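Residue strings, one per chain:
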Amino acid sequence: MRRISILLTVFVLILALAGCQNGTSQSGVSELKLAHNQTLDHPVHLSLVEFGRIVKEKSNNKIQVKIYPNGQLGSEREVLELTQSGAVDVAKVSASALEGFEPDYSIFSLPYVFEDYEEFEKTMNNKDITDKIYYQTEDIGIIGLTYYNAGVRNLYTKNREVNTVADMKGLKTRVQPSQTSVNMIEALGGLPTPMAYGEVYTALQSGVIDAAENNETALVGNNHGEVAKYYMYTGHQIVPDMLVMNAKRFNKFSAEEQKIIQEAAEESTLYHEGVWAKTINEMTETAKNEMGVKFIEVDKSSFIEAVQPLHKAYAQDEKTRDIYQIIKGAGTNE
């Protein structure tokens, strides 16, 4: 069924492009189709709008971005496949969604690979590292443009406090469709349940799952705080959102136009930091004061200790050891 959905989406896009070869109109304007799965009021959407504004301004209206929000063009994996094929030009997806396309991206799902957000930010602003990651997928048709802060992922539960790894035993926990995230919950003693993000509210409400893990926006933006009343600052993952582009489409632009797109992407990331911080503060207060969610600081030591076998596996696996050593080295060098 998923393949059929992809084919239908491609067909719709082909119809939309009728009479418009390579996304360039008769007036010489190039249109970039950008897909993502967030709502119109989400910080990521606002930052993508800013990306489009900057591209349009810097190119003197010669390059314009048309945004398809709310998962209109499919799930993250589906829009990645559409971006590979060129039916979509640009996509915003979680780094975890790229894990199935390139093992290097799985590093972001490795729990506690970054000590804190400051270490993560330092790493992501190191072009020697990001260029290696961004262009690692060029041979399969995708390149990275930039990243967006998607917060620090923490655990939240329906009706149970979790203060140590011992409290995780048997906890049915939703995770993203990422093998690394599945391995993480297993290492912590929980029962991982991969599922689409849109299914989490009902699953928590009905008891299909006991817990989920995400940043604070999930509590209010997707109403998870109505059914999950305990939010623990486990800080186990920092998984960014990634802005990726069809490699052939990007390479068809002139060097000057490529620079415009890349600069706009980087500037939108800076814009996003301010929007994100404001949103997190507002939603935390709403969840606490209006939804009755209890926010709990936990001692992370038992969680960190429990996942060390995953770190050892990453350091030894030939598919991930290089990026693991690069990331860990960047975190220790001043």
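Definitions and cut-offs
- Residues numbered from 1 in each chain as written.
- Predicted model: local features only at pLDDT ≥ 70, side-chain atom pairs only at ≥ 80, totals over all residues.
- Heavy atoms only, no water.
- Helix = DSSP H or I, 4+ residues; strand = E, 2+ residues; numbered from the N terminus.
- Contact = heavy atoms within 4.5 Å.
- Salt bridge = Lys/Arg side-chain N within 4 Å of Asp/Glu carboxyl O.
- Buried < 20%, exposed > 50% of the residue type's maximum accessible area, 1.4 Å probe, protein only.
- Domains from an automatic or database assignment.
- Buried area = accessible area lost by both parts, 1.4 Å probe.
- Polar contact = N/O pair within 3.5 Å; in protein donor to acceptor, adjacent residues only side chain to side chain.
- Pairing = 2+ DSSP bridges.
- Right-handed = clockwise from strand over helix to strand, strands pointing away.
- Core = buried A, V, L, I, M, F, W, Y, C linked by side-chain atoms within 4.5 Å.
- pLDDT = per-residue confidence, 0-100.
- Phe/Tyr/Trp six-rings, centres within 6.5 Å; stacked < 30°, edge-to-face > 60°.
- Arc of directions from axis to C-beta.

A.B. asks: Before we move on, could you go through the side chain of His-224 and cite the residues and values that matter?
C.D. replies: Relative to the helices and strands, His-224 resides in the loop between helix H9 (217–221) and strand E9 (230–237). Aside from chain neighbours lying at most four places away, what touches His-224 is Tyr-156, Tyr-197, Val-200, Tyr-201, Ala-218 and Leu-219.

A.B. asks: Now, about the pattern of salt bridges: what can you tell me, with residues and values included?
C.D. replies: Applying the stated criterion across every chain yields a total of 17 salt bridges. With its nearest N and O atoms 3.1 Å apart, the salt bridge here joins Arg-249 to Asp-89. In this pair, Arg-249 is assigned in helix H10 (residues 247–252) and Asp-89 in the loop between helix H3 (76–85) and strand E3 (90–94), connecting sequence segments 160 residues apart. A relative accessible area of 3% places Asp-89 in the buried class. Between Lys-278 and Glu-282 there is a salt bridge whose closest N-O contact spans 2.6 Å. Of this pair, Lys-278 and Glu-282 both sit in helix H11 (residues 255–289), four residues apart, which is roughly one turn of the helix. On the accessibility criterion, Glu-282 (42% relative accessible area) is partly exposed.

A.B. asks: Outline the domain arrangement of the protein, listing residues and values.
C.D. replies: Domain assignment breaks the protein into domain 1 (30–149 + 240–282) and domain 2 (152–238 + 290–331). Here the C-alpha centre of domain 2 lies 24 Å away from the C-alpha centre of domain 1. Listed as interface residues are 28 residues of domain 1 and, on the opposing side, 30 residues of domain 2. For domain 1, the biggest contributors to the area lost against domain 2 are Leu-110, Pro-111 and Tyr-112; these three give 27% of the whole. In this structure, the connection of domain 1 to domain 2 is made through ten residue pairs in polar contact (both at pLDDT 80 or more).

A.B. asks: Account for the pairing of strand E2 (residues 63–68), naming residues and giving values.
C.D. replies: Direction of pairing for strand E1 (residues 30–35) relative to E2: parallel, over a ladder of six bridges. Within the sheet, the bridge partner assigned to Ser-30 lies in E2 and is Ile-63. Assessed by its sense of winding, the connection that carries the chain from E1 through helix H2 (residues 43–58) to E2 is right-handed.

A.B. asks: So what's going on with the nonpolar core? Which residues, and what values?
C.D. replies: With 55 residues, the main nonpolar core has Ile-107 and Phe-108 as its most contacted residues. Split by domain, the residues of this core number at least three in each of domain 1 (30–149 + 240–282) and domain 2 (152–238 + 290–331). Ranked by size, the runner-up nonpolar core spans 21 residues in total, among them Leu-34, Val-55, Tyr-148 and Ala-264.

A.B. asks: Can you explain the confidence of the model for the protein? Please cite residues and give values.
C.D. replies: Across the protein, the average pLDDT comes to 91, with 90% of residues at 70 or higher. Taken together, the stretch residues 14–21 has pLDDT below 50 and engages in three contacts with residues farther than four places along the chain or on a different chain.

A.B. asks: Tell me what's going on with the packing of aromatic side chains, and back it up with residues and numbers.
C.D. replies: With the rule as written, the count across this model stands at nine aromatic pairs. Ring centres of Tyr-105 and Phe-108 lie 6.4 Å apart, and the angle between their planes is 40°; this geometry places the pair in the tilted category. Comparing Tyr-105 with Phe-108, the two get one shared label, buried. Seen in terms of ring centroids, Phe-114 and Phe-120 are 5.3 Å apart; in terms of plane orientation they differ by 85°. Their pairing is edge-to-face. Both residues of the pair, Phe-114 and Phe-120, count as buried.

A.B. asks: Any details on the pairing of E9? Residues and values, ideally.
C.D. replies: Look at any regular strand and the pattern is simple: side chains alternate between the two faces of the sheet. For E9, a buried count of seven out of eight residues is recorded, marking the element as mostly surrounded by other parts of the structure. Pairing of E9 with strand E11 (residues 294–297), which is carried by four bridges, proceeds in the parallel orientation. What sits directly across from Met-232, in E11, is Ile-296.

A.B. asks: Please provide a residue-by-residue account of helix H13 (residues 308–316), values included.
C.D. replies: Residues of H13 that are buried include every one of Leu-310, His-311 and Tyr-314, and no others. The buried side chains of H13 occupy one side of the element, clustering within an arc of 100° when seen end-on. Of the exposed residues in H13, the ones pointing more than 90 degrees away from its buried face are Pro-309, Lys-312 and Gln-316.

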